[in-house]
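Listed here are the chains, written in short residue letters.
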Amino acid sequence: MPGDPVARLWHSATMLREHRGDGHVAALVCARIGGTEAHVLSALGHGIHPAETFGRIHHLPEERLAAVMAGLRERGLIDADGRFTEAGRATRQRIEDVTDELAAPPYEALSPAELDELVTELEPLTARLVAAGSQ
């Protein structure tokens, strides 16, 4: 663990982000959602339509994107227009719920007072990041 407070914060935030990311990958694998499919579901979840225009996948070959979209249609996750079906929305929500559940243990290890302190200490940093355009 770094000794410098800024380096320590950065290291800790990175560890938490990686922990959450690992849980998200596990949730996707359990739902049988591949990488490109995950980007399509993410795009639709953020209101991007058509999903194929999403910045993380727009550069992929049209044939690959068409195959991914066809596979999601076959599974009933998107409709003929490339929008979420109820099953697609439910699948995405289950993935997010499992991700949140798997990400919780580091925070559950804190007492309520420690968690309140963490939130209080990070609120000004969060506000500055949001003001600078971070999401």
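Details of the structure are given in the entry above.
Since this is a predicted model, take the numbers as computed values, not measurements. (Residues numbered from 1 in each chain as written. Predicted model: local features only at pLDDT ≥ 70, side-chain atom pairs only at ≥ 80, totals over all residues. Heavy atoms only, no water.)

1. Details of unusual backbone geometry
Residue Pro50 follows His49 across a cis peptide bond; omega there is 0 degrees. Residue position: Pro50 is located in the loop between α2 (35–45) and α3 (62–74). In this structure, Arg32 is a non-glycine residue whose phi angle is positive, near 60 degrees. Along the polypeptide, Arg32 turns up in the loop between α1 (5–30) and α2. Here Arg32 falls in the exposed class, since its relative accessible area comes to 63%. (Helix = DSSP H or I, 4+ residues; strand = E, 2+ residues; numbered from the N terminus. Buried < 20%, exposed > 50% of the residue type's maximum accessible area, 1.4 Å probe, protein only.)

2. Topic: the nonpolar core
Residues Ile33, Val40, Leu44, Ile57 and Leu72 are the most contacted members of the largest nonpolar core, which totals 20 residues. Broken down by secondary-structure element, the contributors of at least two residues to this core are α1, α2 and α3. Residue contributions to this core peak at five residues, all from α2. Setting aside its immediate chain neighbours within four residues, Leu44 contacts His49, Ala51, Ile78, Gly82, Arg83 and Phe84. (Core = buried A, V, L, I, M, F, W, Y, C linked by side-chain atoms within 4.5 Å. Contact = heavy atoms within 4.5 Å.)

3. Remarks on the packing of α1 against helix α4 (residues 86–103)
In contact at an axis separation of 8 Å, α1 and α4 are set at 140 degrees when each is read in the N-to-C sense. One finds that α1 runs oblique with respect to α4. Between α1 and α4 lies a crossing of right-handed hand. Contact residues: His19, Arg20, Gly23, His24, Ala26, Ala27 and Leu28 in α1; Ile95, Glu96, Val98, Thr99, Asp100, Leu102 and Ala103 in α4. Residue composition of the contact of α1 with α4, grouped by class: seven nonpolar, four polar and three charged. (Axes fitted to C-alpha atoms, helices over the stretch in contact; angles between N-to-C directions. Parallel < 35°, antiparallel > 145°, perpendicular 65-115°, else oblique. Left-handed = near helix turned anticlockwise from the far one by under 90°. Nonpolar A, V, L, I, M, F, W, Y, C, P; charged D, E, K, R; others polar.)

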